[in-house]
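Structural description and commentary
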Amino acid sequence: MAASAAASIRERQTVALKRMLNFNVPHVKNSTGEPVWKVLIYDRFGQDIISPLLSVKELRDMGITLHLLLHSDRDPIPDVPAVYFVMPTEENIDRMCQDLRNQLYESYYLNFISAISRSKLEDIANAALAASAVTQVAKVFDQYLNFITLEDDMFVLCNQNKELVSYRAINRPDITDTEMETVMDTIVDSLFCFFVTLGAVPIIRCSRGTAAEMVAVKLDKKLRENLRDARNSLFTGDTLGAGQFSFQRPLLVLVDRNIDLATPLHHTWTYQALVHDVLDFHLNRVNLEESSGVENSPAGARPKRKNKKSYDLTPVDKFWQKHKGSPFPEVAESVQQELESYRAQEDEVKRLKSIMGLEGEDEGAISMLSDNTAKLTSAVSSLPELLEKKRLIDLHTNVATAVLEHIKARKLDVYFEYEEKIMSKTTLDKSLLDIISDPDAGTPEDKMRLFLIYYISAQQVPSEADLEQYKKALTDAGCNLNPLQYIKQWKAFAKMASAPASYGNTTTKPMGLLSRVMNTGSQFVMEGVKNLVLKQQNLPVTRILDNLMEMKSNPETDDYRYFDPKMLRSNDSSVPRNKNPFQEAIVFVVGGGNYIEYQNLVDYIKGKQGKHILYGCSELFNATQFIKQLSQLGQK
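Notes on the structure in this doc start here. Note that the structure is predicted; figures quoted are calculated from it, not measured.

Here we look at the overall build of the chain
A tally of regular secondary structure across the chain gives 22 helices and 17 strands. The burial tally for the chain puts 52% of its 636 residues in the buried class. If you sum the accessible surface of the chain, you get close to 29500 Å²; carbon and sulfur atoms cover 52% of it.

Shown next as C-alpha cells:
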C-alpha cells in the first residue's frame, strides 16, 4: 500500500496533527536539539481525534509537556506557548477569550478542528484587543480534521454528540426539515474535512430518495464552491501533489444504513468485530473487567473484586494487525502458539538477566549498562523486544479469554451459524422458536437480534398468527419488543421501495472442533465451540461498491446518482462520464457502520490487485447500541 493514494488516511491525519503541534511548520524527523516545550489544550472532540493516532510518548517527543482539556481548571504557565485544538463552538471561543484575558500562556496557536466562521473570528480578535494580547496570538488555523481515523482504511465522523448524527436522529418520524438540515450539514462538514485531508476531489455516487442522497447533494455543492473560489481553494497546488492520485480520482459511494439493517444486528465470528460486539471497545481501546480472587469460592465467601483494565489495540500491535479479521478459533490458536514460542524464549530472558546480575532490576536500568561484551550487547538488544512480545501476548490472552467467555455463555457460535443460514436463505436445521425458547442460548438481546434478522431477511413476512407466537416466545424470554415495532414499519415501507437485500448464498462450513486448541496445555478451553470457517460472501454494502467501482451494470445500482464537483455545470444524471473502473474508493454509510462490513470490504479488496478501499461511517455502533436506537424508534 506504500505509495498509493492512501499514504493511508491515518498517516495523513497524523502528519497534519504533527505539523499542527509543531506550530504549523512541517515536522522534520531528524532535526537535532530539543523540541520547543509547549502545552496542548484540546476539547473532547480534539481529544478523540488525537488519542487513536498519537500516544502520550509521541506527544512528549513533539514537545508537549502537558495536555489539558479546555474546560478544566488550568493554572497560568506564563512562559510557555500553548497549542489549542478545538471545535469552533460558542462556549469554546468564550473560554479561549477568557484565557487571553487571564494571560495564561506566553503565546497562543489557535487551531480549529473545523472551519471557524468570520463572526467568531472577530470575537476572538476583539477579546485579544481588549486583553492587549494581540501580539501573543501567534497563529489561527482551520485544520479541517473533523473526523476520527481508527484504521489505515477506516474512519468515523465523531464520537462526542454522536446522537446528533445517529441512525435514530436521521430516521425519527417527527424530525423537522431544519433539524434534518443540521444533521446533514454536520455529516457534510466532516466529509469535507476528510477530503481536504486526503487531498482529493471524489466522484460521488449515491442511492436516490435516501439520507445518503441529501448528503451527496450538499457535499457536491460544498466541494464545488471551494473549487470555484480559486484564491482560497483547499484543493490546489501542494495539497493535490501530495494526494498521490491527482491523476485518478477516488470514487465516493454514499450508502444509506437502511439498505441493510440485518448486518449491524448480526452475530459475528471475526476477532475485531467480536471484540466490538461483546466487549466495551471504543476508539481502539478495549475496557475489560477482570475478576480477581478465587474462582468457585465456597458459598458465603466475599464476591470477587472487579478490576477494570483497558488495553489499546493499535496498528503497532503486530498480532492485532494480523488477526483482527481472522475467525475466532484461529485467533485462539495463534495466541496459544505465540505463548508457546515465548515460553521457549522466556528461559533465555531469565538467563540473560542473571548473566547481567539484573534479576530484580527494572527494564530501564538494563539499557543503561555500557559494558560492551558481545554477550551483553545481544542481551540488551533482545530483551526489550521480548518484553514487548510478552506484553502483547498477555493483552491478547486476556482479551480473547473475555471474548471466549461470552461465546460460551451465550452460544454465540450457534447464533452466528444460524443467522448466516437465514441471511443466505439456506434451509434451517432447527426451528427459530426452539432457539428463542432455549433458556441457555444467549441473552434476551441475542434472541431479539436473531428474530429481527429473520424478520428483515424473510421474503414473506410471517403471518399474524405466527408472529403472535414468536412475540409471545420473545416476551417470555424477556425481550423488549420495541425494536420489532420499528422494523415492522420499516419493512412495510422498504417493501414498497424495493426488494429485500440479498446476502449472497453461501454457508459456513463447520469443521471438526480444533484438536490443537483442545489439548490440556491450552489457555483456551474451546470445548463445544464450533470451529466455523468463513467463506467470502459480499454483504450488500460490498456488493454495491463492487458494482460502482468496477462499472458493472446492475439494477440495484444503475439509477444511483452521479456527481462530479469538478464539472462546471452540475447535471443531474445517473450516467457516469467516466467508464473506467476505479482504483480507489471510499464507502461511507450514512446512519452508522460496523466492523462486520469493514472486514467484509477488507476481504473483498484483498482479491483486487492495486485497489484500495476506505470505509467510513457517521457513527460506529455495535448491535447493543443499534438495538437501543431501534427500540427508541419503536416506542411510538
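On we go.
Digging into the layout of surface pockets
Estimated volume of the second largest pocket: approximately 960 Å³. What lines the second largest pocket is a set of 36 residues, among which S51, P52, L53, L54 and S55 lie closest to the centre. Breaking the lining of the second largest pocket down by element, the ones donating at least two residues are α1 (9–21), α2 (44–50), α3 (56–61), β11 (285–291) and α14 (374–410). When residues of the lining of the second largest pocket are assigned to their parent elements, the largest contribution, 5 residues, is made by α1.

Section: empty space enclosed by the protein
As enumerated under the stated definition, the model contains 8 cavities of 30 Å³ or more in all. The computed volume of the largest cavity comes to approximately 140 Å³. Its residues assigned to classes, the lining of the largest cavity shows 8 nonpolar, 4 polar and 1 charged.

A look at the environment of L545
The residue L545 is located in helix α20 (residues 540–549) in this model. The sequence separation of L545 and V253 amounts to 292 residues, and the corresponding C-alpha distance is 6.8 Å.

Quick notes on the packing of aromatic side chains
One pass over the structure, following the stated rule, counts 24 aromatic pairs. Ring geometry for F147 and F194: centres 5.4 Å apart, planes at 75°, overall edge-to-face. Taken together, the positions of F147 in the loop between β5 (137–142) and β6 (148–151) and F194 in helix α7 (residues 177–198) put the pair 47 residues apart, joining distant regions of the chain. A relative accessible area of 0% means that F194 is categorised as buried. With 4.7 Å between their ring centres and 20° between their planes, F621 and F626 make a pair best called stacked. Judged on exposure class, the residue F621 and its partner F626 are both buried. Of the aromatic side chains, those joined through ring pairs into one cluster are Y271, F281, W320, F328, Y595, Y598 and Y615. The ring of F23 carries K38 above its face, with NZ or CZ at 5.0 Å from the centroid. Taking the ring centre of F192 as reference, the NZ or CZ of K222 above it sits at 5.1 Å.

Digging into unusual backbone geometry
Positive phi outside glycine occurs at Q103, with the angle close to 50°. Within the element layout of this structure, Q103 appears in the loop between α4 (90–101) and β4 (105–112). With a phi close to 55°, M551 is a non-glycine residue in the positive phi region. Tracing the chain through its elements places M551 in the loop between α20 and β15 (561–563). You can call M551 partly exposed: its relative accessible area is 23%.

As for the sheet that holds strand β9 (residues 251–256)
Sheet strands associate in pairs through backbone hydrogen bonding, adopting either a parallel or an antiparallel arrangement. Strand order in the open sheet made by the 7 strands is β6-β7-β17-β16-β9-β8-β15, with mixed pairing throughout. Whereas interior strands pair on both sides, the edge strands pair on one side only; in this sheet they are β6 and β15. Recorded for the sheet is a direction-independent mean angle of 20° between the axes of neighbouring strands. Sheet topology note: the strand β16 (residues 584–590)/strand β17 (residues 612–617) ladder contains 6 bridges and is parallel. From the neighbouring strand, A585 faces β17, where its bridge partner is I613. Contacts from α7 reach β7 (154–156), β9, β16 and β17, with the element oriented near 165° to β16.

Some points on the side chain of D446
Within the element layout of this structure, D446 appears in helix α17 (residues 444–457). Taking the relative accessible area as the measure of exposure, D446 reaches 0% and is therefore buried. In terms of polar contacts, D446 uses its side chain to reach the side chain of R410, at 2.8 Å. For D446, the residues in contact, after removing those within four places along its chain, are H267, R410, L412 and Y415.

A word on the environment of E58
Tracing the backbone shows E58 in helix α3. Look at E58 and you get partly exposed, because its relative accessible area is 30%. In the structure, E58 is positioned 40 residues away from K18 in sequence and 9.5 Å away in space, judged by C-alpha atoms. E58 has contacts with K18 and L53, leaving out every residue within four places of it along the chain.

The rules behind each value
- Residues numbered from 1 in each chain as written.
- Predicted model: local features only at pLDDT ≥ 70, side-chain atom pairs only at ≥ 80, totals over all residues.
- Heavy atoms only, no water.
- Helix = DSSP H or I, 4+ residues; strand = E, 2+ residues; numbered from the N terminus.
- Buried < 20%, exposed > 50% of the residue type's maximum accessible area, 1.4 Å probe, protein only.
- Areas by Shrake-Rupley, 256 points an atom, 1.4 Å probe, with all protein chains shown as cover.
- 1 Å grid on protein atoms, 1.4 Å probe; cavity = no way out; pocket = protein on both sides within 12 Å on 5 of 7 lines; lining within 4 Å.
- Points joined across faces, edges and corners; volume = space filled by probe spheres on them.
- Nonpolar A, V, L, I, M, F, W, Y, C, P; charged D, E, K, R; others polar.
- Phe/Tyr/Trp six-rings, centres within 6.5 Å; stacked < 30°, edge-to-face > 60°.
- Lys NZ or Arg CZ within 6 Å of the ring centre and 35° of its normal.
- Pairing = 2+ DSSP bridges.
- Axes fitted to C-alpha atoms, helices over the stretch in contact; angles between N-to-C directions.
- Contact = heavy atoms within 4.5 Å.
- Polar contact = N/O pair within 3.5 Å; in protein donor to acceptor, adjacent residues only side chain to side chain.

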